[in-house]
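For reference, the chains in residue letters:
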Amino acid sequence: MTTATNLTELTGDYVIDGSHSRIGFVARHAMVTKVRGAFNEFDGKITIDGDKPENTTAEVTLKSASIDTRNAQRDGHLTTNEFLDVETYPEIKFVSTSAKQIDDDNFEITGDLTIKDVTKNITIPFAFEGVAVDPFGNTRVGFEGSHTINRKDYGVSWNAALEAGGVLVSEKVVLEFEISAIKQA
């Protein structure tokens with residue numbers, strides 16, 4: 001495996017490997033701790049242009065109902081119209097609009113994030129974690145990134161006041177991306 005590499009060698013189309021990737025989130029709960037969760041069902045594709053990194057594209061679609069915080073009652077609440085309303089909005093989608101190489105191993109991917117019926121343009125910094133050929137002959141690349149959003153900006157506004165002040169669920173949510181993608185032939 002290598003981390004710093006000649007980007008030209010990475011040029012190609014990739015499919016995100018859902019069984020070796022994680023797309024998750026972190027939100028503050030009751031003002032005192034963090035709750036972590038993930039979406040267990042998603043797919044995506046990346047096209048890397050090593051000669052012109054600004055032409056790199058990415059698209060990811062999450063199945064909203066696959067939300068998993070390791071608590072069935074909380075997950076059930078998160079799927080209702082008070083949060084993600086998965087019956088009306090079964091998918092969360094990110095489609096890149098531009099890419100920028102910051103240095104050898106760091107990139108910024110800007111694109112449209114759609115949650116419920118709201119689309120906002122965001123920029124996600126990603127670190128290139130390496131490239132390797134797995135035991136099955138597949139070329140894999142790894143990227144990690146995160147970005148903080150305000151869930152209220154996307155119409156996810158339910159909350160409950162706490163007796164001591166503050167609210168049950170933070171407005172800020174950190175989106176986390178740990179991506180392993182397989183190069184297509």
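Only a predicted model underlies this, so the values are computations on that prediction, with no experimental measurement involved.

Draft legend 1. Examining the packing of aromatic side chains more closely. Counted under the stated rule, the structure contains four aromatic pairs. Joined through ring pairs, the aromatic side chains of Phe107, Phe128 and Phe143 make up one cluster.

Draft legend 2. Highlighting the environment of serine 21. Within the fold, serine 21 resides in the loop between β1 (12-16) and β2 (22-29). Look at serine 21 and you get buried, because its relative accessible area is 12%. Along the chain, serine 21 and alanine 181 lie 160 residues apart, while their C-alpha atoms are 8.1 Å from each other. Look past the residues within four positions of serine 21 in its chain and what remains in contact with it is Ile16, Phe42, Glu178, Ile179 and Ser180. Here the side chain of serine 21 touches aspartate 17 through a polar contact of 2.8 Å, landing on its backbone oxygen. A polar contact of 2.8 Å, which involves the side chain of serine 21, links it to the backbone nitrogen of serine 180.

Draft legend 3. Region of interest: the nonpolar core. Membership of the largest hydrophobic core comes to 42 residues, with the highest contact counts inside it found for Leu113 and Val141. When near neighbours in sequence (up to four residues on either side) are disregarded, leucine 113 contacts Ile92, Lys93, Phe94, Val118, Thr119, Lys120, Ile122, Ile149, Tyr154 and Leu175.

Draft legend 4. Summary view of unusual backbone geometry. Its identity as a non-glycine residue notwithstanding, aspartate 85 has a phi of 50 degrees, on the positive side. Within the fold, aspartate 85 resides in the loop between α1 (72-78) and β7 (91-103). Of the residues examined, aspartate 85 reaches a relative accessible area of 16% and is grouped as buried.

Draft legend 5. Structural context of the pattern of salt bridges. For the coordinates displayed, the defined rule picks out eight salt bridges. Measuring nitrogen to oxygen at the nearest pair gives 2.8 Å for the salt bridge that ties aspartate 17 to arginine 140. With aspartate 17 in the loop between β1 and β2 and arginine 140 in strand β10 (residues 139-150), the pair connects residues that are 123 residues apart, well separated along the chain. Just as aspartate 17 is buried, arginine 140 falls in that class too. The salt bridge partner of aspartate 134 is arginine 140, with a shortest N-O separation of 2.9 Å. On the basis of relative accessible area, aspartate 134 is assigned to the buried category, the value being 13%.

Draft legend 6. Seen up close, the pairing of β7. Sheet analysis places strand β5 (residues 57-63) next to β7, joined by five bridges and oriented antiparallel. Residue pairing across strands places threonine 61 opposite lysine 93, the latter belonging to β7. In the sheet, β7 pairs with strand β8 (residues 106-115) via nine bridges, with the strands oriented antiparallel. Counted as the bridge partner of alanine 99 is isoleucine 109 from β8. Taking the residues that link successive antiparallel strands as the turn, the β7-β8 hairpin has two residues.

Draft legend 7. Region of the structure containing the side chain of arginine 151. Considering the arrangement of structural elements, one finds arginine 151 in the loop between β10 and β11 (169-183). As a buried residue without a salt bridge, arginine 151 has its nearest oppositely charged side chain in glutamate 171, at a separation of 6.6 Å. Within polar-contact distance, the side chain of arginine 151 engages the backbone oxygen of valine 156 at 2.8 Å.

Draft legend 8. Representation of the pairing of β11. Relative to β11, β1 is paired through three bridges, and the arrangement is antiparallel. Within β11, the position partnered with isoleucine 16 by the bridge is alanine 181. Alignment of β2 against β11, held across seven bridges, turns out to be antiparallel. Pairing of arginine 22 across the sheet is with glutamate 178, part of β11.

Reading guide: rules and limits
Residue indices follow the written sequence of each chain, beginning from 1 at its first position. Local features in a predicted model are, by the rule used here, given only for residues with pLDDT of at least 70; side-chain atom pairs are given and counted only at 80 or more, and totals for whole chains, interfaces and linings are based on all residues. The side-chain figures draw on all heavy atoms in the structure; neither hydrogens nor water molecules are used. Each pair of aromatic rings taken from Phe, Tyr and Trp, with Trp reduced to its six-membered ring, is defined by centres within 6.5 Å and is described as stacked if the planes are under 30 degrees apart, edge-to-face if over 60, and tilted in the remaining cases. Put simply, DSSP H or I for four residues or longer makes a helix, DSSP E for two residues or longer makes a strand, and each gets a number counted from the N terminus. Categorising residues by exposure relies on relative accessible area from a 1.4 Å probe, with only protein chains included: less than 20% of the type maximum marks a residue as buried, more than 50% marks it as exposed, and the intermediate range marks it as partly exposed. In this description, contact between two residues means that some pair of their heavy atoms is separated by no more than 4.5 Å. As used in this structure description, the phrase polar contact means that two N or O atoms lie within 3.5 Å; if the pair is within protein, one of them must be able to donate a hydrogen and the other to accept it, and residues adjacent in sequence are counted only when both atoms belong to side chains. By nonpolar core is meant a set of buried Ala, Val, Leu, Ile, Met, Phe, Trp, Tyr and Cys residues that side-chain atoms within 4.5 Å join together. The salt bridge criterion pairs a side-chain nitrogen of Lys or Arg with a carboxyl oxygen of Asp or Glu, the two atoms within 4 Å. Strand pairing is assigned whenever DSSP identifies at least 2 bridges connecting the two strands. By the counting scheme adopted, Arg and Lys are positive, Glu and Asp are negative, and His together with the chain ends is not counted.

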